[in-house]
Each structure stands twice: as C-alpha cells, then as structure tokens.
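Breakdown of the fold
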Amino acid sequence: MARTRLTASERAEQLAAAAVRAFAATGYVGTSTDDVARLAGVSQPYVIRLFGSKQRLFIAAIEHATDRIEQEFREAAAQQADLSALSNAYDRLLARHDLPVLLLHGFAASNDPAIGAVVRERFGRIYRLVRELTGTDPDAASTFLGHGMLLTVLAAMQAVGPGGVPREPWAAEIVKADPAGADGRG
C-alpha cells in the first residue's frame, strides 16, 4: 500500500495539530519537541527542521488553535451574525478539551516575549473579529470575551464540557449567566 507524501506545509499543519494536543497535556515547559514528534509519528529532528525551536512550535500550536476559533466564529456568523451564534460555536470548541487548555497554557507562557506577542495579537484578532462579525459595541464584545475566558477556565478544570466532572451548583450558575443568551452547556 503506497503512502501519500505530505508537502512541508501539510506536514507542518499536522505537526501543529499534534502540538496542540501535546502542549495541552503537559504545558509549554513540560512538553518536548520529541513528545510532539512521537505524537505525530515523525522524527524529532524533522520537527526542528520545520519549526526551528520548541518556542516556534508552541507558537504554531497557538496559531492553529486560534485559527480554529476564528474559523468557527466565521462559520457561525455566516448562519446568524450575533453573539448567541458565536457563543454556541465556542461551546462546540470547548468540547475539544485540548483547545481551552492550550489557550490557558499560552496565556501562562506569555511572559516569554515572543509567545506573549503572538498570544496578545491573536486575542486582539478574535476581539476585532467578534466586533466585525456581529456589529456589537466594545462593552458587549468585552463582556462576551470575558465570559468566554471564564468558560475556558471552567472547561480546563473539567467543570463544564463533555467528560467533565459532575457540575457543581456554582458552576451551573456561572454557565447560566451567559451574556450572549446561549445556555453555555459547553
């Protein structure tokens, strides 16, 4: 059976997806390029050849995750351009436990100047995209993103989302307070 060779771009995308899973599991400090290589089924030198460093691989994982958020928001807004639709889209993303956990690792690693610059730029892009897609004002967009951050933390703690621990009353109250009007089942 012949294997299909991937282009360097396709392989980089595959590695970024594997990096999302690996860094979500053990964080920036706790994950090696060898861990990502094993997960992707390639050699560690190949990972370094494509990305140059663990830092650049982590940045690629952050970009991969935030690209996914932007894509989901665009698709949701194409159907219904309001915060409720975007909230429902983010709930679907929260179901992928690796995405919210990776985002938290990205925020935590932002003291590294190169990582911090990318994390801030990508968060700003998401904020501008929310405003652009929904036409909402800065206060509503800020409230929406703030609630999304809270849901991200809850998902990372497994207090919401599939496979999470039984929802405690305080978590149910927080989720119910979704400012976009969605139920936040996550």
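Just so we're clear, the structure is a prediction, and the values are computed from it rather than from any experiment.

Cut-off values and rules
Residues numbered from 1 in each chain as written. Predicted model: local features only at pLDDT ≥ 70, side-chain atom pairs only at ≥ 80, totals over all residues. Heavy atoms only, no water. Helix = DSSP H or I, 4+ residues; strand = E, 2+ residues; numbered from the N terminus. Rg over C-alpha atoms; globule rule 2.2 N^0.38 Å. Contact = heavy atoms within 4.5 Å. Core = buried A, V, L, I, M, F, W, Y, C linked by side-chain atoms within 4.5 Å. Buried < 20%, exposed > 50% of the residue type's maximum accessible area, 1.4 Å probe, protein only. Expected span 1.5 Å × (residues − 1). Polar contact = N/O pair within 3.5 Å; in protein donor to acceptor, adjacent residues only side chain to side chain. Patch = residues over 30% accessible without salt bridge, like charges linked within 9 Å, V, L, I, M, F, W, Y side chains within 5 Å. Areas by Shrake-Rupley, 256 points an atom, 1.4 Å probe, with all protein chains shown as cover. Salt bridge = Lys/Arg side-chain N within 4 Å of Asp/Glu carboxyl O. pLDDT = per-residue confidence, 0-100. Axes fitted to C-alpha atoms, helices over the stretch in contact; angles between N-to-C directions. Parallel < 35°, antiparallel > 145°, perpendicular 65-115°, else oblique. Nonpolar A, V, L, I, M, F, W, Y, C, P; charged D, E, K, R; others polar. Bend = angle between axes of the 7 residues up to and from the residue.

Here the focus is the overall build of the protein. Within the protein one finds nine helices and zero strands. Computed over the C-alpha atoms, the radius of gyration of the protein is 17 Å, within 12% of the 16 Å expected from 2.2 N^0.38 for a compact globule of 186 residues. Here the C-alpha coordinates of the protein stretch approximately 50 × 40 × 35 Å along the principal axes. Counted over contacts in the protein with a minimum sequence separation of 6, partners at least 24 positions apart contribute 64%.

Turning our eyes to something else, we now look at the environment of A16. Position of A16 among the secondary structure elements: in helix α1 (residues 8-30). Distance in space between the C-alpha atoms of A16 and V36 is 8.8 Å, their sequence separation being 20 residues. Those residues in contact with A16, other than ones at most four positions away along the chain, are F51, A60, A61 and H64.

Further remarks concern the nonpolar core. Of all hydrophobic cores here, the largest spans 56 residues; its most connected members are L15, F23, V36, F58, F73, L102 and V130. A total of eleven residues in this core trace back to one element, the largest contributor, which is helix α4 (residues 54-79).

Turning next to helix α8 (residues 138-156). Side chains that are three or four residues apart share a direction in an α-helix, a result of its 3.6 residues per turn. Its 19 residues give α8 an end-to-end C-alpha distance of 27 Å, which sits within 8% of 27 Å, the value for a rise of 1.5 Å per residue. Residues A141, F144, L145, H147, G148, L151, T152, L154 and A155 constitute the buried set of α8. Each element contacted by the buried residues of α8 is listed here: α4, α5 (83-94), α6 (98-108), α7 (113-134) and α9 (169-176). Regarding α8, its N-cap is D137, as a side-chain oxygen of that residue lies 2.9 Å from the backbone nitrogen of D139 further along. Following α8 by one or two positions, Q158 has its phi on the positive side, about 60 degrees.

Another point: the side chain of E72. Position of E72 relative to the elements: it lies in helix α4. With near-sequence residues (within four places) excluded, E72 lies in contact with A89, R92 and L93.

On the surface, a nonpolar cluster with roughly 270 Å² of combined accessible area is contributed by V153, M157 and W170. With respect to the secondary-structure elements, V153 resides in helix α8.

As a further point, take the confidence of the model for the protein. Per-chain confidence: the protein averages 89 in pLDDT, with 91% of residues scoring 70 or above. With pLDDT under 50 throughout, residues 181-186 is counted as low confidence; its partners more than four residues away or in other chains account for 18 contacts.

Glancing now at the packing of α1 against helix α3 (residues 44-51). Across the interface, α1 lies against α3 with an axial gap of 11 Å and an inter-helix angle of 110 degrees. As summarised for this structure, α1 and α3 are arranged roughly perpendicular, according to the angle between their axes. Of α3, the residues touching α1 (which contributes A8, R11, A12, L15 and A16) are Y46, V47, L50 and F51. Here the residues of the contact of α1 with α3 are counted per class, giving eight nonpolar, no polar and one charged.

Over its 23 residues, α1 runs only 26 Å from end to end, short of the ideal 33 Å by more than 12%, given 1.5 Å per residue. Roughly 80 degrees is the biggest bend found in α1, and it falls at A24. If you follow the buried residues of α1, they end up packed against α2 (33-40), α3, α4, α6 and α7.

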